[in-house]
Protein chains: 4
Amino acid sequence: MKIAVIGGGSSYTPELIEGFILRADKMKIDEIVLVDIEAGREKLEIVGGLAKRMIEKSGLPIKVELTFDRVKAITNADFVLTQFRVGGLDARACDERIPLKYDVIGQETTGPGGFAKALRTIPVILDICKEIEEYSNDAWLINFTNPAGMVTEAVHKYTNVKAIGLCNVPINMRQMSANILEVDRDDVSMSFAGLNHLVYATNVHVKGKDVMDELLQGIIEGKNMNMRNIHDAPWEEEFLHALRVLPCPYHKYYYMMDEMLVEEKEAAEQRGTRAEQVKEIEKELFETYKNPDLNVKPKELEQRGGSLYSEAAVSLITSIMTNDNAIHTVNVPNNGTISQLPDDVVVEVTCVVNSEGPRPLQVGKLPTAVVGLVQQVKAFEELTIEAAATGNRHKALLALVNNPFVPSSKVAKQILNDILEENKQYLPQF
Amino acid sequence: MKIAVIGGGSSYTPELIEGFILRADKMKIDEIVLVDIEAGREKLEIVGGLAKRMIEKSGLPIKVELTFDRVKAITNADFVLTQFRVGGLDARACDERIPLKYDVIGQETTGPGGFAKALRTIPVILDICKEIEEYSNDAWLINFTNPAGMVTEAVHKYTNVKAIGLCNVPINMRQMSANILEVDRDDVSMSFAGLNHLVYATNVHVKGKDVMDELLQGIIEGKNMNMRNIHDAPWEEEFLHALRVLPCPYHKYYYMMDEMLVEEKEAAEQRGTRAEQVKEIEKELFETYKNPDLNVKPKELEQRGGSLYSEAAVSLITSIMTNDNAIHTVNVPNNGTISQLPDDVVVEVTCVVNSEGPRPLQVGKLPTAVVGLVQQVKAFEELTIEAAATGNRHKALLALVNNPFVPSSKVAKQILNDILEENKQYLPQF
Amino acid sequence: MKIAVIGGGSSYTPELIEGFILRADKMKIDEIVLVDIEAGREKLEIVGGLAKRMIEKSGLPIKVELTFDRVKAITNADFVLTQFRVGGLDARACDERIPLKYDVIGQETTGPGGFAKALRTIPVILDICKEIEEYSNDAWLINFTNPAGMVTEAVHKYTNVKAIGLCNVPINMRQMSANILEVDRDDVSMSFAGLNHLVYATNVHVKGKDVMDELLQGIIEGKNMNMRNIHDAPWEEEFLHALRVLPCPYHKYYYMMDEMLVEEKEAAEQRGTRAEQVKEIEKELFETYKNPDLNVKPKELEQRGGSLYSEAAVSLITSIMTNDNAIHTVNVPNNGTISQLPDDVVVEVTCVVNSEGPRPLQVGKLPTAVVGLVQQVKAFEELTIEAAATGNRHKALLALVNNPFVPSSKVAKQILNDILEENKQYLPQF
Amino acid sequence: MKIAVIGGGSSYTPELIEGFILRADKMKIDEIVLVDIEAGREKLEIVGGLAKRMIEKSGLPIKVELTFDRVKAITNADFVLTQFRVGGLDARACDERIPLKYDVIGQETTGPGGFAKALRTIPVILDICKEIEEYSNDAWLINFTNPAGMVTEAVHKYTNVKAIGLCNVPINMRQMSANILEVDRDDVSMSFAGLNHLVYATNVHVKGKDVMDELLQGIIEGKNMNMRNIHDAPWEEEFLHALRVLPCPYHKYYYMMDEMLVEEKEAAEQRGTRAEQVKEIEKELFETYKNPDLNVKPKELEQRGGSLYSEAAVSLITSIMTNDNAIHTVNVPNNGTISQLPDDVVVEVTCVVNSEGPRPLQVGKLPTAVVGLVQQVKAFEELTIEAAATGNRHKALLALVNNPFVPSSKVAKQILNDILEENKQYLPQF
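All values reported here derive from a predicted model rather than from experimental measurement. (Residues numbered from 1 in each chain as written. Chains lettered and ligands numbered in written order. Predicted model: local features only at pLDDT ≥ 70, side-chain atom pairs only at ≥ 80, totals over all residues.)

Undergrad: An account of the overall build of chain A is requested, with residue identities and associated values reported.
TA: Looking only at helices and strands, chain A has 16 helices and 13 strands in total. In chain A, which comprises 430 residues, the proportion classed as buried is 58%. The long-range fraction of contacts in chain A, counting pairs at least 24 apart against all pairs at least 6 apart in sequence, stands at 68%. (Helix = DSSP H or I, 4+ residues; strand = E, 2+ residues; numbered from the N terminus. Buried ≥ 20, exposed ≤ 12 C-beta atoms within 10 Å, placed from the backbone. Contact = placed C-beta atoms within 7 Å.)

Here it is, written out as structure tokens:
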């Protein structure tokens, strides 16, 4: 059992390593290979050192390897985990800054920012998939790389790799719901449906009792249902009751677009964009990781965001390895699950997972109150993926025009020009 | 053969009368009944007088009757034409003003303005339909009342009346295309698909030759493809080529939202909203109509807008009466025509029309570049119709949240409050 | 926690009682009410006596009540189980005999026989549902009454009762597969999709390994994959490999129609139809049940058929009561699960079951090799249900014409006439 | 304007030539090329001679050429008409005889006979299409070759050729309806939906009046609604009223399977199969054609069947050439027209035809009473096409198992073995 982690030098890696250690009783791992690009050599060595010390401390017979040879890492892997970031935090800062110039939400994974990230990332993931097809064709690709939904859809549309897109939003929504309802997370049963970073919890039960109204009331009263990286604007009470499904924290960019934009612009001016803040956090994190006496995941990592990522990832892998039919919310091909979306797009839905992989619980029709937004954003995503894979500028322009944050074709064109210019080195396809 | 015109006192009526006179060789009309509400007595009498003089001049054996008794007008009618305006131009001015307060497009038939008009109009049309079901159940309802798509959908969802929604946008797009291409309108074959005031011409042929690129180029070069009541912002060249279908003039509110809003606000301040301008035009028109020597449609009516309405309407009625299988673009139940929309919604599509009514030419899938917007707006429409028919405030709020012009649930709520307040007298259902 | 069993005098009841006793650790039952019609008084008293002795022996604090008052039984029940048989075994014998007169398969639950049973049963289940709506509107209806798919579909189409149709075919297929593969049933993961008595296992895994070919090979080599009440004609080897999904035993009537018909006719002549054989078995069973010393389920019951019914039923109820997210294959509304069938029909598919009830695992498209038959039979079922609920003779005729066993509209009409004549007393709707 | 006729030596050719002559005022044809295979040299020369004499008599400036070089014929053609028959009437006789051995309907275009014909024909049409793609890629392929629906579907699934499948059944149904109703064919408006040789007229209007009941009554009373080549078994009265759509003559094989089989077997024994009868007719026809004084279509051709083929074909070509938006019923890709069938299959539906080709009038959902049969037969067709194109024996077996005429997988296998054996020389793909 071999696991390859692409983007192994990420600051998240200790989270993942901790996850594997904690689940060691459920699945036997022989080898973890952390692979990164030359430009990330320093980070990989720091993180890799910590990973080795963590495993050593655990006493588990797991081999940890570091490499810059991606094919070597992929060869014969059972699972390939992708958590790389093309262009690093500098590119992200750029993704956040460009839209703001035009009074448009600048966000890492949604809107024009997510669009730019998709253009940079999709060609790389398709290259990785070619290698998987050649060197470990039965491997599962577990993709954490954002925009996770679009990246996973590109893999399904253009390759034969068995891919699952994973995001920590659903597991966090469930955890926060448990906190609000003051019960254990295991007692909260939630069904999710939508797209990555645009997912709704369509029902919430505790021990068989529908507690949606109770939960929404808690949120309205100010209890936490937010992600660390998103401005915590309060939900409008009547709207939430009218909707009567639980939107995800990223929905704030859509349902409070004006307010979120104002906050973003202020924040960018005063504290820098989120990427710029993360850069600071990362710098400190890597300093901490360097400590040769450190052999556990440091507390500070929780500041970084990515809460519960490791738990989501490791329990997903466990379900595949142990055939346990557990329920996970992941990104998979739609294939009729949400009947108002095309079959070949990727959706984020609740699935039963076993050794055959994830199988969605049927959704049928999304409520009219949410389906339009999901369809509009999916059209944006489909056009983005096509543009990223083919380098077709017309498709790229149409993608941006379709994004709900973008007010006009003129602004779409300006943003597109800026993105193509600033990311030139990462976008050979254009 | 009896035709009832509800809202018979409208300034458009002479247009319609002229249409019937011009087509007199194709269909024999026995009686035209113009009906209006008491509050419109003066207008009805003025317009009715002109209508009678026009018919008299034509020498045709058509009886023109004026009445304020709607049931009497409807009884035994073969066609019921609806062109009424609940609340008149004052209500329209209000629809245009309220959204502007919140920096949102204020437009008569789309966005929150169209939403308000739907709330006022749908209960009235449903009352009319109850009368048709009782007093002339085999009659065709030809609905011109805006928002024509939503009003027609309400009729199909809540009644058994045979209804067709008619708009002059498609026929004008075809006429303007003929002008641009310098050919006869009859030589231009265009397929339309979408929603009312959100319709696309998906292909354009002249004598079997695809001339879409030529047409788009003409538009980019500034040739006229606009409606009189819409600010003539020029289309962005690259966008139009990328789209490669022809949007309708109302699409400017979506694809140039920022620019259109700026213009609207300026116009409202300097010249009044469009409703306020129309009021002036109408005043003068009615003065002209009063002239007892006038017995033809006055030229000034063309200033009013509504170009080619009469032609569209009268030729549609002719197709039903004469079973001629002519092609018309009208609003009909979708029933699978556009496969990405629900069966029971109303769409604006190209149809073959004969004595059985309109039958859509199959569309299949709209291009990804346009489908998202159409689906988002249709969700807005479905929620609006449900709110109008039931008086459910939550549905009304969700409708506005789903409208692409509205930036947040907070603004949606503010606009909703204003609309419900200002239209109180017309909205007993709330 | 109260369970009402309609048709409580059935010979299957001891099976059910045993099931409740065996699961007593998982769910606490307060009361079991067995209800039957006056005509079944003797049977109810015999079976009820045995049931009481079984519970007594178990030492569990469960109250067993017998009644002929259906409303009383239903009032405040948490679960209503239906296992009644309108017209008893005599009507069944008739269902089996009539088609044979015309050289058409005569079978209890499929073909014209199942059609006749549906006509008799659906009006009764709809009456029961009215009572549930009134006297225990939150109760779950677990329907075992055949034709279980059609009966459950009728409930969903014409009532608001929460109904699940249950059949022992899927659980037996899984058990027999385990036997063939020589593993524990719990290690066999199978996905089912189709209709009741027309269900396919679309994949079979053991501990994550695809074992479909191995299983099919075992069947071809003669290992048992059959139900006791169906003639065990061997599957054609090449066909099974070509199909590469596992048909259910009832599929033999479709895929070996000629051979099954020949056998049925011979059997009917020599040994009587299946109903006539069962009558004998039942007679003996009830003799056994009468024994006042008997306080366990007698072995002879296994001869009767209905293998694993109790296990399927009791574990399904357990999942609803304990919210355990276990996987069951049951009959539920399609709602997009099989995308080539209408939303409002009932299908037999693999579901996750918890306190919210069953939720299907998404199927998407059935393979082309099986979808046509499923669609044809579903059309037959839809027409049958409509005929049963409305008494429309034209729909009844069209239903039979659509049944794959029926060779012509003429034969359909002859069979229909015979069925209506012979079942007159049970078909007031016609 | 060049027309290539593949299978130009067919006895039907004079029919076609007559059609072109009669429509000469509507479209200018420069050249007609008749092409056939070497084995058909004699026939081509006879028919070609007659064709030349007919054109000469007409005085039209049309060049008629005969060739055995298919590429030459196709090069620069505007229309390619296909009316070839792989294996000739001997192969057809075999298609009719083999199923009868197993008590299964043996028919040229449906059932196992149509299956065999598809296996022989599809590889040839795909070869022709490769040539069209290379030598006249803008040409329209008008396919008359049976089974016309499957052959056309194969073209759409495996090539990029613009193909329309044409059958004379709909035009004949309309003509016969006109006869029964005693009106002109032009006054009968009928909508068709279904598959080739499995098409229903879903409504019939005369001058806007629904006359379905009148028409069905006429048929029940024995008025002619049959094709010359189909045994004229009378329709069952109650069934036809229950169905309330008009089935096509070929539906008799499905709805009167028992009776049709009995008749076929008798006929085959006494008079030979239809192919054997046609052979006699053809022999005489070609004798007649040889007459050097004959310069018109001989009356005897009408005995041959194929009534109104020429009219259907020539008026279809006229619509494409003259952009007349006339209504034709042809075989085209479904693409959502019938919403219960896949997008990529070919259906026979009513279309508007202009220079862009045929565009279906939207059907939506077929009635439940007919949809099951259409879906079952379409599954058979899809599997047949895949088998024919790939030579996959498993798919071929599954196709036959799916055919409603075939009673079991065992009989399917026997028939398949016979077909593959007897057609060995025409089936290199297997």
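Undergrad: I'd like a rundown of the interface of chain A and chain B, residues and numbers included.
TA: With 33 residues of chain A at the contact, the number on the chain B side is 33 residues. Elements that contribute at least two residues to the side of chain A that touches chain B include exactly α9 (237-243), α11 (257-271), α14 (368-390), α15 (393-402) and α16 (409-422) of chain A. Among the elements that line the side of chain A that touches chain B, the one with the most residues is α14(A), at 12 residues. Of the residues that constitute the side of chain A that touches chain B, the class distribution is 17 nonpolar, eight polar and eight charged. (Nonpolar A, V, L, I, M, F, W, Y, C, P; charged D, E, K, R; others polar.)

Undergrad: Tell me what's going on with the relation of the copies chain A and chain B, and back it up with residues and numbers.
TA: Aligned on chain B, chain A shows an RMSD of 0.0 Å; the corresponding rotation is 180° and the shift along the axis is 0.0 Å. On this basis, the relationship between the two copies can be described by a two-fold rotation axis. Looking at the interface residues of chain A, 100% of them are also at the interface in chain B, so both copies use one shared face. (Least-squares fit on C-alpha atoms with pLDDT ≥ 70 in both.)

Undergrad: With reference to specific residues and values, describe unusual backbone geometry.
TA: Going from N146(A) to P147(A), the amide bond is cis rather than trans, its omega being -10°. Here P147(A) shows up in the loop between β5 (140-143) and α6 (148-158). A positive phi angle is found at E182(C), which is not glycine, with a value near 60°. Among the secondary structure elements, E182(C) is positioned in the loop between α7 (169-181) and β7 (188-195). Residue class for E182(C) comes out exposed when judged on the 8 C-beta atoms lying within 10 Å of it. Phi at N323(C) is positive, roughly 60°, even though this residue is not glycine. Tracing the backbone shows N323(C) in the loop between α13 (309-322) and β11 (326-333).

Undergrad: Describe helix α15 (residues 393-402) of chain D, naming the residues involved and giving the relevant values.
TA: Three- or four-residue spacings in an α-helix give side chains the same orientation, since the helix completes a turn every 3.6 residues. Of all 10 residues making up α15(D), eight are buried, and the element is well covered by its neighbours. Of all the positions in α15(D), only K395(D), A396(D), L397(D), L398(D), A399(D), L400(D), V401(D) and N402(D) are classed as buried. Its buried side turned inward, α15(D) meets α9 (237-243), α10 (252-255) and α14 (368-390) of chain C together with α5 (111-135), α14 (368-390) and α16 (409-422) of chain D.

Undergrad: Which residues make up the interface of chain C and chain D, and what are the values?
TA: Listed per partner, the contact involves 33 residues of chain C and 33 residues of chain D. Elements with a contribution of two residues or more to the side of chain C that touches chain D: α9, α11 (257-270), α14, α15 (393-402) and α16 (409-422) of chain C. The element best represented in the side of chain C that touches chain D is α14(C), accounting for 12 residues.

Undergrad: Tell me about the environment of T384(C), and name the residues and values.
TA: Residue and element names in this part refer to chain C. Of note, T384 is situated in helix α14. Between the C-alpha atom of T384 and that of F192, which follows or precedes it by 192 residues, the distance is 24 Å. Setting aside chain neighbours within four positions, we find T384 in contact with F115, A118, M150 and A399.

Undergrad: Summarise the packing of α15(D) against α16(D); cite the residues concerned and give the values.
TA: All names here are of chain D. At their nearest, the axes of α15 and α16 sit 9 Å apart, and the two run at 125° to each other. Of the possible angle classes, the one that applies to α15 and α16 is oblique. The way α15 lies across α16 gives a crossing that is right-handed. Between α15, through A396, L397, L400 and V401, and α16, the contact on the second element is made entirely by S409, A412, K413, I415 and L416. Of the residues that constitute the contact of α15 with α16, the class distribution is seven nonpolar, one polar and one charged. (Axes fitted to C-alpha atoms, helices over the stretch in contact; angles between N-to-C directions. Parallel < 35°, antiparallel > 145°, perpendicular 65-115°, else oblique. Left-handed = near helix turned anticlockwise from the far one by under 90°.)

Undergrad: An account of the UniProt feature "binding site: Mn(2+)" (unreviewed entry) in chain A is needed here, citing residue identities and associated values.
TA: All names here are of chain A. Following the UniProt record, one finds the feature "binding site: Mn(2+)" (unreviewed entry) at C167 and H197. Across 31 residues, the annotated set stays spatially compact, with a maximum C-alpha separation of 8.3 Å. Within the element layout of this structure, C167 appears in the loop between β6 (162-165) and α7 (169-181). For C167, a count of 26 C-beta atoms within 10 Å gives the class buried. For C167, the contacting residues outside a window of four places in its chain are A148, N196, N331 and E348. Take H197: it is sitting in the loop between β7 (188-195) and β8 (198-206). With residues near it in sequence (within four places) discarded, H197 still touches T109, T110, V169, C248 and Y250. (UniProt positions renumbered as here; feature names shortened; annotations may be inferred.)

Undergrad: Describe in detail the relation of the copies chain C and chain D, supporting the description with residues and values.
TA: Mapping one chain copy onto the other needs a rotation about an axis and a shift along that axis. For the match of chain C to chain D, the screw axis carries a shift of 0.0 Å, the RMSD comes to 0.0 Å, and the turn is 180°. When you check the interface residues of chain C against chain D, 100% turn up at the interface there too, and the contact is symmetric in its surfaces.

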